[in-house]
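A look at the structure
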Amino acid sequence: MNASATRFVLVETSHPGNIGGVARAMKTMGLARLHLVAPKSFPHPEASQRAAGADDLLRGAVCHDRLTDAVADCRLVIGTTARQRTIEWPLLTPAEAARRLCTEGRNGPVAIVFGRERNGLTNSEVDLCHAMVRIPTDSGYSSLNLASAAQVLAYEIRLADGREEDPRQTVPAAANGDAMGLFYRHLQQTLYDLDFVKTQHPPVKLMRKLMRLFNRARPSEEELSILRGILAAAQAAVRHKP
Ligand code: SAH
C-alpha cells in the first residue's frame, strides 16, 4: 500500500490558517502532497503559523487555477462533503475511502478533495469525483473545520496504509482525469454530430448524468480507447451519410 500517493486538494480556501492546519494534519500522518486550487491568500504568515513544523509541506504545495488541473493525472478522486446529498452518488465512510485511496494509490496519484469553508464543493467539482466521503457527525451540526476534517481522513489513511492488502480489492488501473476529460469532450461533440443534442448551449445536465455513469464504471485506458473508436466511427458514419 502507498499512502504517500494520496494528494490532498483544497479548493478555494478562504482562511490561510486552515491551509497551515491541513499541512500539520497531513504531516503528522506521514502525508506530504498538498495541492491548492485558487487559495484566497497564499503564501501567508498565518498559514505558516498554523503549520507549526509542517511548513515544508507549504513550501512544496502545488497551486492550480482549477480543480480539473489539480486532478488531471489522478485515477481516483474522492470528494468530501458535510452534507447528506440527495443526488445519487456513492457515499463512503472515511475508512472505506482510505482503503480505496491506499489500494488504488499503487497505480499512480489519487486525490481527496476538500471544499470551501463557506459552501463546500460546487456541482461541477463533484462531477470530477468518483465517490464522496462524509465523516459521520451529530445530525444537528455536521460541518467540521476544514483542518479537522483533513485530520480525520489523514488518520484513516494512515490506518489503512498499515493494513494487509485485500487481493479482492485490486482493480485494473482506471484512466486518469485528463483522459476522461478528453473522452467527455469527444462524447459531447459526437452527441452534437449525431443531432442527439440540438441546442446551442452545452447540454450540462445530460453531460453530468453521463459523467456520473462513466465515473462509476471507472474505464481503463484501453476501454476508453475502444469507446472513443466507437464515437469516431459514429461521427464518420454521419459525415458520410448521403
Ligand atoms: N457548509 C459547507 C461546509 C463546508 S466545511 C457544506 O455544506 O459543504 C469545509 C470543508 O470541510 C468541506 O467542504 C469538506 O471538505 C470538509 N468537511 C467538513 N465537514 C465534513 C464532514 N462531516 N465530512 C467530510 N468532510 C467535511
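Residues numbered from 1 in each chain as written. Predicted model: local features only at pLDDT ≥ 70, side-chain atom pairs only at ≥ 80, totals over all residues. Heavy atoms only, no water.

Looking at the packing of helix H8 (residues 177-193) against helix H9 (residues 204-217)
- Here H8 crosses H9 at 135°, and the two axes come no closer than 11 Å. Relative to H9, the element H8 lies oblique. The way H8 lies across H9 gives a crossing that is right-handed. Contact residues: H8 offers Met180, Phe183, Tyr184, Leu187, Gln188 and Leu191, while H9 offers Leu206, Met207, Leu210, Met211, Phe214 and Asn215.
- Looking at side-chain class alone, the contact of H8 with H9 contains ten nonpolar, two polar and no charged residues. (Axes fitted to C-alpha atoms, helices over the stretch in contact; angles between N-to-C directions. Helix = DSSP H or I, 4+ residues; strand = E, 2+ residues; numbered from the N terminus. Parallel < 35°, antiparallel > 145°, perpendicular 65-115°, else oblique. Left-handed = near helix turned anticlockwise from the far one by under 90°. Contact = heavy atoms within 4.5 Å. Nonpolar A, V, L, I, M, F, W, Y, C, P; charged D, E, K, R; others polar.)

Some words on the site of the ligand
- Close contacts around the ligand come from 19 residues, with Thr80, Arg83, Ile135, Ser142 and Leu144 the closest.
- Between the ligand and the protein, one listed contact pairs an oxygen atom with a side-chain N or O atom of Thr80 at 2.5 Å.
- Protein burial of the ligand: of its 540 Å² of free accessible surface, 92% is covered by the chains.
- Among the residues making up the shell around the ligand, the classes are represented as seven nonpolar, seven polar and five charged. (Near = heavy atom within 4 Å. Polar contact = N/O pair within 3.5 Å; in protein donor to acceptor, adjacent residues only side chain to side chain. Areas by Shrake-Rupley, 256 points an atom, 1.4 Å probe, with all protein chains shown as cover.)

Re the environment of Leu34
- Among the secondary structure elements, Leu34 is positioned in strand S2 (residues 33-37).
- The buried category is assigned to Leu34, whose relative accessible area is 1%.
- When the C-alpha atoms of Leu34 and Ser124 are compared, they prove to be 21 Å apart, with 90 residues separating the residues in sequence.
- Excluding residues within four positions of it along the chain, Leu34 makes contact with Phe8, Leu10, Ile19, Val22, Ala23, Met26, Leu57, Leu58, Gly60, Ala61 and Val62. (Buried < 20%, exposed > 50% of the residue type's maximum accessible area, 1.4 Å probe, protein only.)

A closer look at the packing of aromatic side chains
- In the structure shown here, the tally under the stated rule is three aromatic pairs.
- Residues Phe183 and Phe214 carry aromatic rings whose centres are separated by 5.0 Å and whose planes lie at 80° to one another, so their mutual orientation is edge-to-face. Residue Phe183 is located in helix H8, and its partner Phe214 is located in helix H9; the two are separated by 31 residues in the primary sequence.
- A residue is classified by how much of its surface remains accessible, and Phe183, at 1% relative accessible area, is buried.
- Connected via pairs of aromatic rings, a cluster forms that spans Phe183, Tyr184 and Phe214. (Phe/Tyr/Trp six-rings, centres within 6.5 Å; stacked < 30°, edge-to-face > 60°.)

So, the nonpolar core
- Phe8, Val22, Leu34 and Phe114 are the most contacted members of the largest nonpolar core, which totals 37 residues.
- Top contributing element to this core by residue count: helix H7 (residues 146-162), with eight residues.
- Core analysis: the second largest hydrophobic core is formed by 15 residues, Val37, Leu67, Val113 and Met132 among them. (Core = buried A, V, L, I, M, F, W, Y, C linked by side-chain atoms within 4.5 Å.)

Some words on the side chain of Glu125
- Mapped onto the secondary structure, Glu125 falls in helix H6 (residues 123-126).
- The buried category is assigned to Glu125, whose relative accessible area is 11%.
- A polar contact of 2.8 Å, which involves the side chain of Glu125, links it to the side chain of Arg116.
- Once you skip the residues sitting within four places of it in the chain, Glu125 turns out to touch Val11, Leu67 and Arg116.

A few points about unusual backbone geometry
- A cis geometry characterises the amide bond from Phe42 onward to Pro43, with omega recorded as -5°.
- Note on placement: Pro43 falls in the loop between S2 and helix H2 (45-51).
- Positive phi, close to 65°, is recorded for Asp195, a residue that is not glycine.
- One non-glycine residue, Arg218, adopts positive backbone phi at about 50°.
- Assignment of secondary structure puts Arg218 in the loop between H9 and helix H10 (221-239).

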